[in-house]
Amino acid sequence: MRAVPSQNSEERELGFLSFFVASESSVQDEATMSRLCESSADRISHLPYDVMQRILSFLPVKDVARTATLSKQWRHNWRANTQLVFDGDFGEISKEGSYDSNASKLMFQICKALMVHDGPITKFVLEIPGLRRPSPDINHMVHFLAKKGVQELALIFSDDGINDGNPMIEREMPSALFSACQLSSLILRDCDFSVAPSWFLGFSKLTHLELAKVNVESSFYSDFLPNCPLLQDLKLFICGSAVESHLKAELVAPSLKVFESNVWNVCFKHTPLLSVVSITLVNGSKHYKLSGFDVYNPDIAAVLGSLPAIQELVVGLELLLFFASGNVPCILPTHLHHLKVLELHYIILDRLSEARVLLCLIRSSPNLQRLLILTGADDTLPQNEVIDSLPLLLGAEDHSTASCFQCLEELSLKAVLGTRVELDLLRFVLATAPLLRRIFIRPAEKLDTSKSHKFLKEMTQYKRASKEAEIIYFWNDEADT
């Protein structure tokens, strides 16, 4: 922890409380406090101690600290609060003056709060707006929290340059994290995930791990993840171009159920319980260039065949192109019997290779209930990659598709361009989905009103296998219809 001038605990507590009370005092606040203290109907103060602490756990740190001014009985209650959240409600790094000075002042107040704290700290969140990457102070703080038995820890930094606009070079995460062996949830943003030290035996209780805008070494997959045997939820978003350095990365997580990432080339051979997979672009960017397909064989059958429990699959642009670049069978050798939700982002339906990926997934998912398609466009497609009609492709592949949508209840089409292939898909779904309840259509911004009317008019004339099927069309320039 940062060195604090010698004070007894009473002086430190008074100094921390004055940070809030003095900075926000007003006649109205003082009058309110006075009425609360003098009220004969004060029932909260007589609640059981554990109930009072439960109530305090839902308040911002600043408000919890200010309860100490209510009465002598409340004076020390805040010091045993087990959940501490230091975010924008607590303060922020001023853009005026020196960053180091402003950050130091705020961190000093946080350190003082921790020094007068009594008892365990189960949850700690540090998300101060403008706070840059980890510092020695934060490493000492995490070490202190580890001794307090912290179970949920979130360290959210920002790499946005402020003041002089020069970003800090150091991104290393606090090494003291590896000593917090009681962690069940860990969230890190804008820092580099360190190589685990030799003495690290793993996080035996960790169930939730979220790493955003980070860099990780290959040892993260081979050494760190295998030492988190109870991990169920993993969100991993690697910084920019570093994604492609994760070729053939193997997930070893026997308890993992949810995986969200921008790493499109991960191997799922050791994740038997994985039920939700979402591979999407960082910040929704549509300009991500893929390479390395010659290094890692883009075999859709091998990738999805290793996900026997998959229930929800979100295929972003990078994973879609990855699958489309390889051999796409008419139907997967292993059916995705448990898949209920399928999303495809930025798919170009009139591109042959991508249409084949869609049809392959549809045919291989007999129990699919919800299908969402966000379409894309490419005016530079070579003529040999363009399809004019979906029925022609279906006929050419000579594989039955009549039973594809027996369980489908909902279809969403977003960024619709009014193409023939889109109409073919809608006609096919309406004709073969007996349980269909709703179709949501959202046109692309560049689709004008006249084309929208023409598209909708033709679509509403198609035969429907479901009497309950409802088409909901969202106009670009009008209220939802």
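Reference entry: report on the structure contained in this document. Just so it is clear, the model here is predicted, and its values are computed rather than measured.

To continue, consider the overall build of the protein chain. Along the protein chain, the regular secondary structure elements total 13 helices and 17 strands. Relative to its full complement of 481 residues, the protein chain shows a buried share of 48%. In the protein chain, 75% of the contacts between residues at least 6 apart in sequence involve partners at least 24 apart. Of the roughly 23,000 Å² that the protein chain leaves accessible, carbon and sulfur atoms contribute 52%.

A few words on the nonpolar core. The biggest cluster of nonpolar side chains holds 119 residues, and the ones touching the most others in it are F124 and L236. Among all residues touching F124, those that are not within four sequence positions of it are L84, F86, I110, L114, M141, L145, V150, E152, L153 and A154.

In this model, D190 sits at a positive phi of 60 degrees, which is unusual for a non-glycine residue. In this structure, D190 sits in the loop between β4 (185-189) and β5 (192-193). For Y346, which is not glycine, the phi torsion reads 60 degrees and is therefore positive. When you line up the elements, Y346 lands in strand β13 (residues 341-347).

Two numbers describe how helix α9 (residues 317-324) lies on helix α10 (residues 352-363): the axes approach to 9 Å, and their chain directions differ by 100 degrees. When the axis of α9 is compared with that of α10, the two are roughly perpendicular. Facing α9, whose interface residues are L320, L321, F323 and A324, α10 presents S353, E354 and V357. Of the residues belonging to the contact of α9 with α10, the class tally is five nonpolar, one polar and one charged.

This part takes up the packing of aromatic side chains. Enumeration over the complete set of coordinates arrives at 15 aromatic pairs. Aromatic pair F322 and F323: ring centres 6.1 Å apart, planes at 35 degrees, arrangement tilted. Taking the relative accessible area as the measure of exposure, F322 reaches 0% and is therefore buried. A residue is classified by how much of its surface remains accessible, and F323, at 1% relative accessible area, is buried.

Looking now at the pairing of strand β17 (residues 470-473). Note: strand β16 (residues 438-443) against β17, four bridges, orientation parallel. Its bridge partner being in β17, I439 is matched across the sheet by I471. Taken together, β16, helix α13 (residues 449-459) and β17 constitute a β-α-β crossover, and its handedness is right-handed.

Applying the stated rule across the entire model yields four cavities of 30 Å³ or more. Reported here for the largest cavity is a volume of approximately 60 Å³. Looking at the largest cavity, the residues that line it are F193, S194, V195, A196, V216, E217, S219, F220, D223 and F224. Element by element, the count of residues in the lining of the largest cavity is highest for helix α7 (residues 219-224), at four residues. Looking at side-chain class alone, the lining of the largest cavity contains six nonpolar, two polar and two charged residues.

Thresholds applied
- Residues numbered from 1 in each chain as written.
- Predicted model: local features only at pLDDT ≥ 70, side-chain atom pairs only at ≥ 80, totals over all residues.
- Heavy atoms only, no water.
- Helix = DSSP H or I, 4+ residues; strand = E, 2+ residues; numbered from the N terminus.
- Buried < 20%, exposed > 50% of the residue type's maximum accessible area, 1.4 Å probe, protein only.
- Contact = heavy atoms within 4.5 Å.
- Areas by Shrake-Rupley, 256 points an atom, 1.4 Å probe, with all protein chains shown as cover.
- Core = buried A, V, L, I, M, F, W, Y, C linked by side-chain atoms within 4.5 Å.
- Axes fitted to C-alpha atoms, helices over the stretch in contact; angles between N-to-C directions.
- Parallel < 35°, antiparallel > 145°, perpendicular 65-115°, else oblique.
- Nonpolar A, V, L, I, M, F, W, Y, C, P; charged D, E, K, R; others polar.
- Phe/Tyr/Trp six-rings, centres within 6.5 Å; stacked < 30°, edge-to-face > 60°.
- Pairing = 2+ DSSP bridges.
- Right-handed = clockwise from strand over helix to strand, strands pointing away.
- 1 Å grid on protein atoms, 1.4 Å probe; cavity = no way out; pocket = protein on both sides within 12 Å on 5 of 7 lines; lining within 4 Å.
- Points joined across faces, edges and corners; volume = space filled by probe spheres on them.

By themselves these figures say nothing about function.
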